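# Coordinate inspection notes
As a plain string of letters, each chain reads:
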Amino acid sequence: MAINKTKVAVGFIVAGALTVVSGLFFLIVGPMVMKDQVIKNTVIDPKNEMSYTMWKDVPVPFFMSVYFFNVLNPEEVLVGEKPMVEQRGPFVYRKRIQKDNITFHANGTVSYREYRRFFFEPSMSSGNESEVVTIPNMLVLGAAVMMENAPFTLRLTMSAAFKVFKEGAFLTKPVGELMWGYDSGLVDFLNSYLPGMLPSTGKFGLFAEFNNSNTGLFTIHTGQDDIRKVHKVDSWNGLTKLSNWNSPQCNMINGTAGQMWPPFMTRESTLPFYSPDACRSLELVYQRDGAMKGIPLYRYVAPKTLFANGSDYPPNEGFCPCRQSGLLNVSSCRHNSPVFISHPHFFNADPVLLDSVQGLRPTEDEHGLFIDIHPLTGVPLNVSIRLQLNLYMKKVSGITETKKISEVVMPMIWFEESGYIDGPILSTFHTNLVVLPTVMEAMQYGFIALGLATILIASLVHHRVKRRRPEVDPSCGNKSTRTGQREPLLKDDTA
C-alpha cells in the first residue's frame, strides 16, 4: 500500500502546531502554577509541614560571635588621653530559637513568643570564657552621666557608694562574667535605693537579660487573606506603635519580625523589620544580585541613613537627642543609660567618632550587615547582622571616679548574629526552587522549538511532494499504462 506523503506531511504540520500550542500553554500556565505553589508553601499554616517547621523551630544553625574592645590604657584615659583598644575575640555562641505559645486567630494572624538560648562553642572561638578583658564599667560611668544633673550632694553620695563597693571607672573580668553576669554589691545597692535604674535585679552582665529570654509577644499576619502581608507584624506586646521616640514615624512598628518576608520581591522592594533589641523598626535596601549554590538571591544592606542623626537625615529627628551620625541613642528604652548602637568599628559613621578612639579599622566586608534573600519566596538564605554597643562617658563633677575623662563615645563590644541555610534544607530548596523551575522552563521552550521544527520540516516535505506530483490534462482522462508511461499527445500519422 502506497504512503500518501502529502497527508503525512500535513499530519506532522498539525502535530507541530499542537506542540507549539502546548509549549505556549505551559509558558503561560507554568508561572501561574509556580506562583500558586509559592503562595501555598509561604502561608503560615501547620498543614504546610516543611515551611511551618522552618518558621516555628528555625532549624538553620544561628551563631552569635562577640568581640570585646579591650582597653589598653585605662589609667591614661582617666587623665584625659585618647582611649586605645584592641579587639579580642570572637567568642562564639550557638543560638537556639524556638517559638512557643503559638495561637492562631480568626482575623488571619498568629501570636507567639520566641525564646532564645545561647551555648558557648569553644571550637569556633579564639579563646575561652575565662579570658580576662578590660572594658568601661557601665555601672559607674553610665550612672555618672545619668546623674550629671542631679543635686551635687546626691552625686557625692553616689561616688562614696562606688568607693564602698570598690567600683572603679574600668572593669577587668573574665568574658563569661561580663557576658552573662557577675555578683556586685553595687547592683544590690542601686536596686534598693534607685529602683528601675538597672535592667535586672540579679547579676549584672551585658547579655544577662538576653539568655533564656523571649523577645516579647509578637502577633503577625499568616498570609491567608493576603500573601503580601505574610510575616508582617500586626502588634508587639499588644502595641501597634511605640512610645519611646519623639515622632509618629519613628514610633511605627513596620515590616516583619526579621526572620522571613513576603514573597515575590523585586529590586525596588525594601526589607523592613521590627527589632525589640534596638527598640525600633529598621529597613534595609537592595544592593546587588547574587547566588548561593545556584540559588538566586538579592543582597540587602543598611543604608547610610539608618543611624544618621536628625541634622543629616530629618526623618530621624524623632530618634533624638542625637550625637554624631552613625549612632542610635537607645537610652529611652535602656533605663536612660547613655548607651548607643552603631555599626562595628563605627563603620559608616561620622569620622569624629573614629578619630576619638585608637585601634578601630572599619571595613564593609567585616563590619557591614547584610541579609541575602531568595526574592521569589522571601526566605533568607544567608544573614549577618552586626552591631556595636557603645557607652557615652565623660567627666562628671562630684563623681571622682570619672576624674578627667574626655567626652567620648566608647566602644565596648560588637557582635554578629549569623546563619545560613545548608544541608538537607538547602538541597530541598535547590530542588524545588531551582531545578524544577529550570526543567519546567526547558520543557516550555523545548515544546515550542520542537513544534516549530516539526512544522518547518513537514512544510518542506509537503512542498517537495507537491512539486513532484505530475500534471494531468483533464481532456485525456486517465490514459496511462500499467508501466506508468503516458501516451503522446500527438501521434505520427505516417506510422
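An account of the accompanying structure is given in this report.

Parameters and conventions
- Residues numbered from 1 in each chain as written.
- Predicted model: local features only at pLDDT ≥ 70, side-chain atom pairs only at ≥ 80, totals over all residues.
- Heavy atoms only, no water.
- Phe/Tyr/Trp six-rings, centres within 6.5 Å; stacked < 30°, edge-to-face > 60°.
- Helix = DSSP H or I, 4+ residues; strand = E, 2+ residues; numbered from the N terminus.
- Buried < 20%, exposed > 50% of the residue type's maximum accessible area, 1.4 Å probe, protein only.
- Lys NZ or Arg CZ within 6 Å of the ring centre and 35° of its normal.
- Disulfide = S-S within 2.5 Å.

The full count for this structure, using the stated rule, is 20 aromatic pairs. Aromatic pair Y67 and W414: ring centres 4.2 Å apart, planes at 10 degrees, arrangement stacked. Placement of Y67 in strand β1 (residues 62-71) and of W414 in strand β15 (residues 408-420) is noted, with a sequence separation of 347 residues between them. You'll find Y67 and W414 in the same group, each marked buried. Note on F207 and F210: the rings are 5.4 Å apart at their centroids and 50 degrees apart in plane angle, and the pair reads as tilted. Cluster of aromatic residues (ring-pair linked, three or more members): Y52, W55, F104, Y112, F218, W236 and Y274. Between the NZ or CZ atom of R96 and the centre of the ring of F119, over which it lies, the distance is 4.5 Å. Positioned above the aromatic ring of Y182, the side-chain terminus of K173 is 5.0 Å from the ring centre.

As a further point, take the state of the cysteines. If you walk through the whole model with that rule in mind, you get two disulfides. Disulfide pairing is shown between C279 and C333; the S-S distance is 1.9 Å. Sign of the S-S torsion, about 90 degrees for the bond between C279 and C333, identifies this disulfide as right-handed. With a gap of 54 residues between them, C279 in the loop between β8 (271-275) and β9 (280-292) and C333 in the loop between β11 (328-329) and β12 (339-342) connect regions that are remote in the sequence. The pair formed by C279 and C333 is uniform in burial state, with each residue classed as buried. There is a disulfide in this structure between C320 and C322, and the S-S distance comes to 1.9 Å. Judged by the sign of its S-S torsion, about -95 degrees, the cystine formed by C320 and C322 is left-handed. Assessed through its relative accessible area of 12%, C320 is described here as buried.

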